[in-house]
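Understanding the architecture of this molecule
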Amino acid sequence: DEAIYYLERSVDISKYNTISLLNLADAFRNSTVIEDKISKERSVLEYVLSFDPVNVKALSLLVRSLSKNKRGKDVNAVYQRLKDSLEYFKGRSNFGPYHLTVGFTAVSVGDYKYAQYVYQDGVNRFPTAKNYVELATVEFNFLQNLDKGIALYKKALELNPNVVKNQAIKALIKQYES
C-alpha cells in the first residue's frame, strides 16, 4: 500500500504515463487498506481510456473489474471494445503481444471460443511453451477438446520441458492416456 503513494506522485509528475497509471490501478485493486479500492481502480482505468481509448491492458483490467461487480451491460460494451482493439492492433509489428492478457480476460468472462481464437493467434505468432499451455488449457478444460488439448500440452513440453506447471501437465497427460 506504500506503493500507492509513490505511484500517485509519479502520476502527478506525468499525468499521461500509462505504465504508472496501470500500476496504480493494479495497486488499488490489490490494496488491503483502501476502502473504495474498486472505484479507485476503475477511475484510473477510465482515465487511461480517456486519452488512450484502445489501450488493451486498461480495457482488459476494466472488463475484469466490471465483471467481478456484476455490471453486465458495462462489461459487454467494454469487452467489445477490447476485442475491437485486439483486432485493430493484432497485425502490427509493435503490438503487445497481448494475447495472454486478452485470452485470460476472455476466459474470465466465459467466452471460451474467443479465448481459443486469441490463444491460437498467439501460438501462430509466438510459438512459445507458455502460449501452447494456455491454448491447451482452453481446449482441454473449457471446450472439452481433450485430444487436441493433450496434443498441445505435449507440444508445450517439447518446446520447454520446464514450462510452468510441467509436473501437473505431465500428470494430466499420464492420467488421460491411461
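Look a little higher up for the structure.
Residues numbered from 1 in each chain as written. Predicted model: local features only at pLDDT ≥ 70, side-chain atom pairs only at ≥ 80, totals over all residues. Heavy atoms only, no water.

For the pair helix α9 (residues 146-159) and helix α10 (residues 166-177), the least separation of the axes is 10 Å and the interaxial angle reads 140°. As summarised for this structure, α9 and α10 are arranged oblique, according to the angle between their axes. Of the two possible hands of crossing, α9 and α10 adopt the one that is left-handed. Taken together, the residues of α10 that come into contact with α9 (itself represented by Leu-146, Asp-147, Ile-150, Tyr-153, Lys-154 and Leu-157) are Asn-166, Ile-169, Lys-170, Leu-172, Ile-173, Tyr-176 and Glu-177. (Axes fitted to C-alpha atoms, helices over the stretch in contact; angles between N-to-C directions. Helix = DSSP H or I, 4+ residues; strand = E, 2+ residues; numbered from the N terminus. Parallel < 35°, antiparallel > 145°, perpendicular 65-115°, else oblique. Left-handed = near helix turned anticlockwise from the far one by under 90°. Contact = heavy atoms within 4.5 Å.)

Turning our eyes to something else, we now look at helix α4 (residues 56-68). The first and last C-alpha atoms of α4 sit 18 Å apart over 13 residues, in line with the 18 Å expected at 1.5 Å per residue. Looking only at α4, the buried set comprises Val-56, Ala-58, Leu-59, Ser-60, Leu-61, Leu-62, Val-63, Ser-65 and Leu-66. Contacts made by the buried residues of α4 are with α2 (18-30), α3 (37-51), α5 (72-89) and α6 (99-108). You can read the cap of α4 off the contacts: a side-chain oxygen lies 3.1 Å from the backbone nitrogen of Lys-57, and it is on Asn-55. (Expected span 1.5 Å × (residues − 1). Buried < 20%, exposed > 50% of the residue type's maximum accessible area, 1.4 Å probe, protein only. Polar contact = N/O pair within 3.5 Å; in protein donor to acceptor, adjacent residues only side chain to side chain.)

Evaluation of the coordinates by the stated rule reveals nine salt bridges. Here Asp-26 ties to Arg-29 by a salt bridge, and the two come within 2.2 Å at their closest N and O atoms. One end of the pair is Asp-26 and the other is Arg-29, both in helix α2 and three residues apart, which spans about a single turn. We classify Arg-29 as partly exposed; its relative accessible area is 22%. Asp-121 is paired through a salt bridge with Arg-125; the nearest N and O atoms lie 2.7 Å apart. Of this pair, Asp-121 and Arg-125 are both found in helix α7 (residues 112-125), four residues apart, which corresponds to roughly one turn of the helix. Taking the relative accessible area as the measure of exposure, Asp-121 reaches 13% and is therefore buried. Taken together, the shared-partner salt bridges connect Asp-26, Arg-29 and Glu-41 into one network. (Salt bridge = Lys/Arg side-chain N within 4 Å of Asp/Glu carboxyl O.)

The next subject is the side chain of Ser-65. Residue placement: Ser-65 occurs in helix α4. The exposure class of Ser-65 is buried, given its relative accessible area of 3%. Ignoring any residue separated from it by four or fewer positions in sequence, one finds Ser-65 in contact with Ile-38, Glu-41 and Arg-42.

This paragraph deals with the side chain of Lys-90. Mapping Lys-90 onto the fold places it in the loop between α5 and α6. On the basis of relative accessibility, which here comes to 12%, the residue Lys-90 falls in the buried class. Separated by 3.2 Å, the side chains of Lys-90 and Glu-87 make a polar contact.

With that settled, the discussion passes to the packing of aromatic side chains. Scanning the entire structure with this criterion turns up nine aromatic pairs. Note on Tyr-16 and Phe-51: the rings are 4.9 Å apart at their centroids and 85° apart in plane angle, and the pair reads as edge-to-face. With a gap of 35 residues between them, Tyr-16 in the loop between α1 (2-13) and α2 and Phe-51 in helix α3 connect regions that are remote in the sequence. Among the residues examined, Tyr-16 registers a relative accessible area of 56% and is labelled exposed. (Phe/Tyr/Trp six-rings, centres within 6.5 Å; stacked < 30°, edge-to-face > 60°.)

With that out of the way, let us pick up the nonpolar core. Counting residues in hydrophobic clusters, the biggest one holds 48 residues, and the most contacted among them are Leu-24, Leu-45, Leu-82, Val-102, Tyr-114, Tyr-153 and Ile-169. Ignoring any residue separated from it by four or fewer positions in sequence, one finds Leu-45 in contact with Leu-22, Ala-25, Ala-58, Leu-61 and Leu-62. (Core = buried A, V, L, I, M, F, W, Y, C linked by side-chain atoms within 4.5 Å.)

Interpretation in functional terms is not warranted from these geometric data alone.
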